[in-house]
Amino acid sequence: MKHVLNFFRLLLLASFLSAFFLLRNDERPSEIIHAIGATKLVVTGEKIGEESEHSFTQERILHEYKMLRNPVTGAIPRNYREMELKVAAAIPSKNRTFDQAFSRVMSVDEAQNQNNYKSVGPNNVGGRSRTLAFDQRNAGIMLTGGVSGGIFKSNDGGANWRFVSPENDIRSVTSIVQDPVNPNTWYCGTGEMFGVYSSQNTVSSLFGHGVFKSTNNGDSWSKLASTADAAPHNFNGQFDLVHRMAVHPTTSHVYAAVHNRIMRSTNGGQSWTTVLGGTVANSGLTGLTEIVINPDGSKIFAAFNGDNADRNLAGVWESVTGDSLTANNNAWRRIAGGSTGRPDSIATWLPYRKYSRMVLALAPSSKLFVLYKNDKEAGGNNPLPEADLFRCDFSSGNPDTYVWENLNAYVPNEPAGKIEQINPYTTQFSGFNMSIAVKPDNENILFIGGTCVHRVDLTQTDPAKKFRRAGGYGKGFFPDGDLRYPNHHPDIHGIYFSSANNMFTASDGGIHKSVNIMADTVRWTELVKGLQTLQYQFINIMPDPQMDWIIGGAHDNGTLYNLNAPSFQDHEAIGSGGDGMSAAMSQFIKTGNTWKQSWYTSVYNGTMYRLGFTWQFNPSNNSLNGELNTFDKINPTGYDDNGQWLTLFINDTDSTEHLYYNNQNKVFRTTNSSAVTQDTWTEMTGVGNTIPSTADVSAMAVSKKRNGNKYLYMGTNAGTVYRLTNPNNAAAATVPVNITPSAMTANSYVAGISVNPRNPDTVMVVVSNYDDGTNIIRNVFWTGNATAASPAWQIIEGALRPLSSQSCAIVVKTTGVEYYVGTSVGLYSTTTLNGDNTVWVNEGSGMMKTAIIRSLVNRQQDNNLVVGTHGNGAFLAEIGQAVVIPPDLATGVNDIVRNNRNFIKLVFPTLTRNDVYFRIGQLNGITRINCRVLNASGQLLYETDLPYSDGTLGLHQLPAGNYLLMITSSNNKYQHIARFTKQ
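Residues numbered from 1 in each chain as written. Predicted model: local features only at pLDDT ≥ 70, side-chain atom pairs only at ≥ 80, totals over all residues. Heavy atoms only, no water.

## Looking at the overall build of the chain
Move 1: Looking only at helices and strands, the chain has six helices and 70 strands in total.
Move 2: In the chain, which comprises 983 residues, the proportion classed as buried is 64%.
Move 3: For the chain, long-range pairs separated by at least 24 residues make up 57% of all intrachain contacts whose partners lie at least 6 apart in sequence.
Move 4: Accessible surface, the chain as shown: approximately 33,000 Å² in total, 47% of it carbon and sulfur. (Helix = DSSP H or I, 4+ residues; strand = E, 2+ residues; numbered from the N terminus. Buried < 20%, exposed > 50% of the residue type's maximum accessible area, 1.4 Å probe, protein only. Contact = heavy atoms within 4.5 Å. Areas by Shrake-Rupley, 256 points an atom, 1.4 Å probe, with all protein chains shown as cover.)

## Details of the confidence of the model for the chain
Move 1: Model confidence for the chain is summarised by a mean pLDDT of 87, while 89% of its residues fall at 70 or above.
Move 2: Throughout residues 196–202 the model reports pLDDT below 50, and contacts reaching past four residues in sequence, or to other chains, amount to 25 contacts. (pLDDT = per-residue confidence, 0-100.)

## Concerning the pattern of salt bridges
Any two side chains of opposite charge can pair, on the condition that their charged atoms come close.
Move 1: Taken as a whole and judged by the stated rule, the model has 36 salt bridges.
Move 2: Between Glu443 and Lys367 there is a salt bridge, and its shortest N-O distance comes to 3.4 Å. Of this pair, Glu443 sits in strand S27 (residues 442–449) while Lys367 sits in strand S23 (residues 367–373); the two residues are 76 residues apart in sequence, bridging distant segments of the chain.
Move 3: A residue is classified by how much of its surface remains accessible, and Glu443, at 22% relative accessible area, is partly exposed. (Salt bridge = Lys/Arg side-chain N within 4 Å of Asp/Glu carboxyl O.)

## A closer look at the packing of aromatic side chains
Two numbers describe a pair of aromatic rings. These are the distance of the centres and the angle of the planes.
Move 1: Taken as a whole and judged by the stated rule, the model has 33 aromatic pairs.
Move 2: Grouped by ring-pair contacts, the aromatic residues Trp549, Tyr561, Phe588, Trp595, Trp599, Phe613, Trp615 and Phe617 constitute a single cluster.
Move 3: The positively charged end of Lys466 is found above the aromatic ring belonging to Tyr410, 4.8 Å away from the centroid. (Phe/Tyr/Trp six-rings, centres within 6.5 Å; stacked < 30°, edge-to-face > 60°. Lys NZ or Arg CZ within 6 Å of the ring centre and 35° of its normal.)

## Brief notes about unusual backbone geometry
Move 1: Between Gly121 and Pro122 the backbone carries a cis peptide bond, its omega angle lying at 10 degrees.
Move 2: Relative to the assigned elements, Pro122 resides in the loop between strand S3 (117–119) and strand S4 (132–135).
Move 3: The omega angle of the peptide bond from Asn423 to Pro424 is 5 degrees, so this bond is cis rather than trans.
Move 4: If you trace the backbone, Pro424 turns up in the loop between strand S25 (403–406) and strand S26 (435–439).
Move 5: Even without glycine at this site, Ser366 takes up a positive phi of about 60 degrees.

## A few points about empty space enclosed by the protein
Move 1: For the structure shown, the criterion picks out nine cavities of 30 Å³ or more.
Move 2: Roughly 1,000 Å³ of volume is contained in the largest cavity.
Move 3: Taken together, 49 residues line the largest cavity, and the ones lying closest to its centre are Met700, Ala701, Ile753, Leu856 and Val857.
Move 4: Counting residues per element, the ones that place at least two in the lining of the largest cavity are strand S34 (536–541), strand S38 (584–585), strand S43 (648–652), strand S47 (697–702), strand S51 (750–755), strand S55 (805–813) and strand S59 (853–859).
Move 5: Of the residues assigned to the lining of the largest cavity, the class counts are 27 nonpolar, 17 polar and five charged. (1 Å grid on protein atoms, 1.4 Å probe; cavity = no way out; pocket = protein on both sides within 12 Å on 5 of 7 lines; lining within 4 Å. Points joined across faces, edges and corners; volume = space filled by probe spheres on them. Nonpolar A, V, L, I, M, F, W, Y, C, P; charged D, E, K, R; others polar.)

## Notes on the environment of Ala75
Move 1: With respect to the secondary-structure elements, Ala75 resides in the loop between helix H2 (57–68) and helix H3 (80–90).
Move 2: A sequence separation of 10 residues divides Ala75 from Tyr65, and the C-alpha atoms of the two residues are 8.4 Å apart.

## So, the sheet that holds S27
Move 1: One open sheet holds the four strands; their spatial order is S26-S27-S28-S29, and the pairing between them is antiparallel. With partners counted over all chains shown, the strands left at the sheet margins are S26 and strand S29 (467–471), one partner each. Within the sheet, the average angular offset between the axes of one strand and its neighbour, ignoring direction, is 25 degrees.
Move 2: Direction of pairing for strand S28 (residues 453–457) relative to S29: antiparallel, over a ladder of four bridges. Bridge pairing in S29 places Val453 opposite Gly471. (Pairing = 2+ DSSP bridges. Axes fitted to C-alpha atoms, helices over the stretch in contact; angles between N-to-C directions.)

## Describing the nonpolar core
Move 1: Core analysis: the largest hydrophobic core is formed by 67 residues, its most contacted members being Ile176, Trp221, Val667, Met700, Leu712 and Met714.
Move 2: Residue contacts for Leu712: discarding those within four places in its chain leaves Ile650, Tyr660, Val667, Met700, Ala701, Val702, Tyr722, Arg723, Leu724 and Pro727.
Move 3: Judged by nonpolar contacts, the second largest core, of 27 residues, contains Trp161, Ile511, Val528 and Phe875. (Core = buried A, V, L, I, M, F, W, Y, C linked by side-chain atoms within 4.5 Å.)

## Focus: the sheet that holds strand S52 (residues 763–767)
Move 1: If you trace the four strands from one edge of the open sheet to the other, you get S51-S52-S53-S54, paired in antiparallel fashion. Whereas interior strands pair on both sides, the edge strands pair on one side only; in this sheet they are S51 and strand S54 (793–795). For this sheet, the mean angle separating the axes of adjacent strands, direction not counted, is 20 degrees.

## Here we look at the pairing of strand S40 (residues 594–602)
Move 1: Within S40, seven of the nine residues are buried, which leaves the element mostly enclosed by the surrounding structure.
Move 2: Bridge count for S38 against S40 is two bridges, and the pairing is antiparallel. If you follow Ala584 over to S40, its bridge partner there is Tyr600.
Move 3: Summarising the sheet, strand S39 (residues 589–591) and S40 pair through three bridges and their orientation is antiparallel. Residue pairing for S40: Lys590 is matched across the bridge by Trp595.
Move 4: Hairpin remark: S39 followed by S40, antiparallel, with two residues in the connecting loop; positive phi at Gly592, about 65 degrees.
Move 5: With nine bridges connecting them, S40 and strand S41 (residues 608–618) associate as antiparallel partners. Bridged to Gln597 within S41 is Phe613.
Move 6: Taking the residues between adjacent antiparallel strands as the criterion, S40 and S41 are bridged by five residues, where Asn605 takes a positive phi near 65 degrees.

## Observations regarding the side chain of Ser319
Move 1: Looking at where Ser319 falls in the secondary structure, it is placed in strand S20 (residues 315–319).
Move 2: The buried category is assigned to Ser319, whose relative accessible area is 1%.
Move 3: One polar contact links the side chain of Ser319 to the main-chain amide nitrogen of Gly322, over a distance of 2.7 Å.
Move 4: A polar atom in the side chain of Ser319 sits 2.6 Å from the backbone oxygen of Ala331.
Move 5: Contact partners of Ser319, with chain neighbours within four places excluded, come to Ser298, Lys299, Ile300, Ala331 and Trp332. (Polar contact = N/O pair within 3.5 Å; in protein donor to acceptor, adjacent residues only side chain to side chain.)

## Overview of the layout of surface pockets
Move 1: Considered as a void within the structure, the largest pocket measures approximately 1,400 Å³ in volume.
Move 2: Residue lining of the largest pocket: 41 residues in total, with Val292, Ile293, Ile495, Tyr496 and Phe497 positioned closest to the centre.
Move 3: Elements supplying a minimum of two residues to the lining of the largest pocket: S4, strand S8 (173–178), strand S14 (242–247), strand S18 (289–293), strand S22 (358–363), S26 and strand S30 (492–497).
Move 4: Across the lining of the largest pocket, the residue classes break down as 28 nonpolar, 10 polar and three charged.

## Let's talk about the pairing of S14
Move 1: Extensive coverage of S14 is indicated by the burial of six of its six residues.
Move 2: Note that S14 and strand S15 (residues 254–258) share five bridges and pair antiparallel. What sits directly across from Ala246, in S15, is Tyr255.
Move 3: Connecting S14 to the next strand, S15, in antiparallel fashion are six residues, including Ser252 with a positive phi near 65 degrees.

## Some details on the environment of Phe477
Move 1: Looking at the element boundaries, Phe477 is found in the loop between S29 and S30.
Move 2: Residues Phe477 and Gly417, 60 residues apart in the sequence, show an inter-C-alpha distance of 9.7 Å.
Move 3: The contact partners of Phe477, leaving out residues within four places of it in the chain, are Glu414, Arg468, Arg469, Tyr485 and Asp520.

## Thoughts on H3
Move 1: Among the 11 residues of H3, eight are classified as buried, and the element is accordingly described as predominantly covered.
Move 2: Where H3 is concerned, the buried positions are Tyr80, Arg81, Glu82, Met83, Glu84, Leu85, Val87 and Ala88.
Move 3: Considering only its buried residues, H3 is in contact with strand S57 (826–830).

## Remarks on the environment of Gly297
Move 1: Locating Gly297 in the fold gives a position in the loop between S18 and strand S19 (300–304).
Move 2: Not counting residues within four places of it along the chain, the set of residues in contact with Gly297 comprises His248, Pro249 and Val320.

What follows is the structure, encoded as structure tokens:
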């Protein structure tokens, strides 16, 4: 049957002509039909009420901090990026040619263990991008990058992108610039400042580690040795966070606005000198800098945050030479932001510490625009624009006679109404989303980006004419109330022009282009094909091995799905965006050619939804029609928007009607997930009464059944692991058993748990906190007796110890067991456990090589392993050689009826040379059956789907031996098991 399903799966994908959005903004029903021939999916449901993705920024930062910080010191190790890249570089790749000695150590059969990881996109949805650059000789050649995805290049104007980053190095791209004098030379700065948890901790898994250079027009890149310290260093801003880069148009001098200083190289990056900066320590937010250079090279402008800890640095600076500022020269002059009464004090400019991040833009006519984050908030009872705007006419050439204008009246503030996070102008979290650009042929037309992008006309005084929203959010702008501006994405980090009327944005959704920027309604084109930079938080695969359907929750982009992996890479969206979390698809419940199914999605802080589908399969033409007929919020009452940032739930893949939902230290269950409502969950009170209220459940895994028992394993962000027996039917007050490894450091973040599908005693647990070299954090644990009163755990991390281990999977094959760990710098595997001497190999290459592997899910029935990266989308490996689990573990359906003669009357002969025959009973409601033949070791040898009628299985091809025949009804409620011998 699988070949049939593969065929109509292809048709189904072709039917998805555009994404359907179930937006959370009103109660009107929406219906979008995707059709090709007889195949269609009708999406009908209520829109979800809007919830701002920005409301939970602090929770997101706290979550990232808990994941990464050393639990002993409470700090994220300052040199962790450099450290983990060195560790990753020392671990051999699986796809290398092993020498014989290494093969003996690994016990690896190289040919047997070569997994092929196929990219499954998304090919049509981008992740967060902060930069874009055009080749000055050909604007169709473009370079961009993801903040955790690496450098990408396009040779056709953004229609297609390809990954050009060094596979073994840092991926946090923030600024790309071309050398105008030597245009084949490009520079790329790394390191995004994401947020801070405290003044001592810059919270980001996206620190940079130097500047890359290309001398072949961006086709390949190497790191400048001068920007990568040879020894571990403490974070001091030097090339760990490169906020902006610029190249002088006549001298080729390279400038880097790094944290708390401006640096310059006069020799192509071989060496660097600080030309402007201070020695006073700054936090992640207060040390932001900016640099732009006038196109003729006559002026260089730099900016330091208005809340910089060094009062003498805060403000806007100018230089003619770009030389180092010393006490004996005037190489740099502050032109704005000075103390009251000083020449560099600008009228109406906010006082020191009342303004923060600044972005700069230049107009051809010697005008400098300065947009800074002010001390206002766009929410609350008195919403005000979150930025001030100034224009400086520097045409006189003398800073003493520059003309400054306050243009605060032109900071976007639409008169139509106040909408939180949309209008008035919103930057999100201390200026995280801020950008400004001047139309190249009209200095009175500005484009200002925040959560939205606005066109601003400086010649207008009528508020209705001054501002025109051009992208980002659409709510309050379009009559139908759509949350997203069509074909665009909120959170604008950069605005760029390739010509006077061709404008591009870099945002949390990748790169977008418009050619009608002066129209009342700006039209956008998404330029994300091949720009595989999506940041998955969770990834999942449909449990039915007939369908390689993938679903996952992504940072900034909601829940996405792919119904034709790995053949196609386009993903479609469920919801309007925001931060997507756990996601799952249920099994099909088949009644004849009508198949019912549920999809489950979630967003941050506890909110969860269910989509109910009806599929109609037409065997005459192998077509599938799908209709979404229910869409419901289903998290337990009172727990939406009321949990930890990372919403966590899991299905039991044996019976996806069994679902476990977590909210902080509480766990809820349902054994009827396709119909559960917010009020019909069962709270597992024994869990909440055992796990302290100060801890959140951070990982869950459920085993298959063995000897009548199943197990739910739970890990927390407090460094504890628990086991609950028979979670599907245990009394709600049942107390889980604490089985925490004794070597696990208190307050470690348990990021992943995996259970051997053949043996629930075998469990692997990973921890995502960083080791600082002194305070050792154990991060990969394994036990072979997890169901014992006190399991014995082994530490199996080996060379992975210093890394952040964020996901794991146990894959059982007919040839043995493989263990996989997803880390902050790639995916690793082993086939041989040897305690702390376990040897690991890197599974990936290209984009996957050092990607952040945030989520791993293996489908046991066929060993299809889906990999969710936090910056390079998703991958699928069809590992194969799956072991069919013996009947006791084969299904999680409650009280499955086995060997009932009303289902299958007879299987004969049990000793045969050729065929095996079966005779059915007369059960109603069953139209099809699945037949599997297994050998004595459980390996699946033959499988077919047949009508529910008497039949014959031709087994001529099987060698002599003992076999097991399993016949299962299409609704998984009945199963017949018979043994036979082939002579």
